[in-house]
Amino acid sequence: MRRAIFPGSFDPITLGHTDIITRAVTLFDELIIAIGVNSDKNYMFSLEERKAFVAKTFENEPKIKVMTYKGLTVNFCQDVDADFILRGLRNPADFEFEKAIAHTNRKLAKIETVFLLTAARTSYISSSIVRDVIRNGGDYTVLVPESVQVK
Ligand code: ADP
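Residues numbered from 1 in each chain as written. Predicted model: local features only at pLDDT ≥ 70, side-chain atom pairs only at ≥ 80, totals over all residues. Heavy atoms only, no water.

## Here's the deal with helix α4 (residues 92–109)
So, point 1. Taking 1.5 Å per residue, 18 residues should reach 26 Å; α4 reaches 25 Å between its end C-alpha atoms and fits that length.
So, point 2. Those residues of α4 that are buried are in contact with α3 (73–80), β4 (84–89) and β5 (112–117).
So, point 3. The first or second residue beyond α4 is Lys110, which carries a positive phi of 55°. (Helix = DSSP H or I, 4+ residues; strand = E, 2+ residues; numbered from the N terminus. Expected span 1.5 Å × (residues − 1). Contact = heavy atoms within 4.5 Å.)

Pasting the structure below:
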């Protein structure tokens, strides 16, 4: 079974993430959206909220699962028996950053990282921009799937 994980903070999930996920789902038998828990990060949305937004977005897609994890991504891959890590590339800065991580992960655990280029129409979207729009009262709904609701 070809199983991949798509790791990230998803704080919150955006239309950039959903573009990568819906295009990648055809490449794998199972895709686990893996929400990382990093105690050094200050999140806008709680882990439960982030997980609920992702789960609701893909509730009708049986190949997609949502899980949370702590620690090294490669260790989580081994725990769930995944051979691939999926990442999205938006720009050259993403590439430089992701290149070092992908080499490290292959060295540590022989995990292959699969990169998809973002669709042009969502390549500018990032969770940090969405959080900024939310904080300042802007219309965040045009940047995120419908499941993302700010209370
Ligand atoms: P991280 O904290 O790991 O950067 P993110 O939730 O920001 O977590 O991103 C998770 C993954 O989604 C990364 O591979 C990132 O490149 C990708 N991604 C983020 N925004 C977009 C976008 N607009 N289009 C495509 N991929 C994206």
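## Considering the site of the ligand
So, point 1. Close to the ligand lie 16 residues, the nearest being Ser9, Gly88, Thr118, Thr122 and Ile125.
So, point 2. With respect to the ligand, the backbone of Gly88 contributes an N or O atom lying 2.7 Å from an oxygen atom.
So, point 3. One of the backbone nitrogen or oxygen atoms of Thr122 is found 2.9 Å away from a nitrogen atom of the ligand.
So, point 4. Within the complex, the protein chains bury 87% of what would otherwise be the 550 Å² of accessible surface of the ligand.
So, point 5. For the shell around the ligand, the secondary structure elements donating two or more residues are β1 (3–8), α1 (15–24) and β4. (Near = heavy atom within 4 Å. Polar contact = N/O pair within 3.5 Å; in protein donor to acceptor, adjacent residues only side chain to side chain. Areas by Shrake-Rupley, 256 points an atom, 1.4 Å probe, with all protein chains shown as cover.)

## Some thoughts on the side chain of Thr118
So, point 1. Relative to the helices and strands, Thr118 is located in the loop between β5 and α5 (127–135).
So, point 2. Those residues in contact with Thr118 that lie beyond four places of it in its chain are Asp19, Ile20, Arg23, Leu89, Arg90 and Ser123.

## Some thoughts on the pattern of salt bridges
So, point 1. Evaluation of the coordinates by the stated rule reveals 11 salt bridges.
So, point 2. Between Asp94 and Arg90 there is a salt bridge whose closest N-O contact spans 2.9 Å.
So, point 3. The residue Lys99 makes a salt bridge to Glu96 at a minimum N-O spacing of 3.8 Å. Taken as a pair, Lys99 and Glu96 lie in helix α4 at a separation of 3 residues, close to a single helical turn.
So, point 4. Take Lys99: its relative accessible area is 35%, and that puts it in the partly exposed class.
So, point 5. Given the relative accessible area of 48%, Glu96 is considered partly exposed.
So, point 6. Several salt bridges share partner residues, and in doing so they unite Arg3, Glu30 and Lys65 into one network. (Salt bridge = Lys/Arg side-chain N within 4 Å of Asp/Glu carboxyl O. Buried < 20%, exposed > 50% of the residue type's maximum accessible area, 1.4 Å probe, protein only.)

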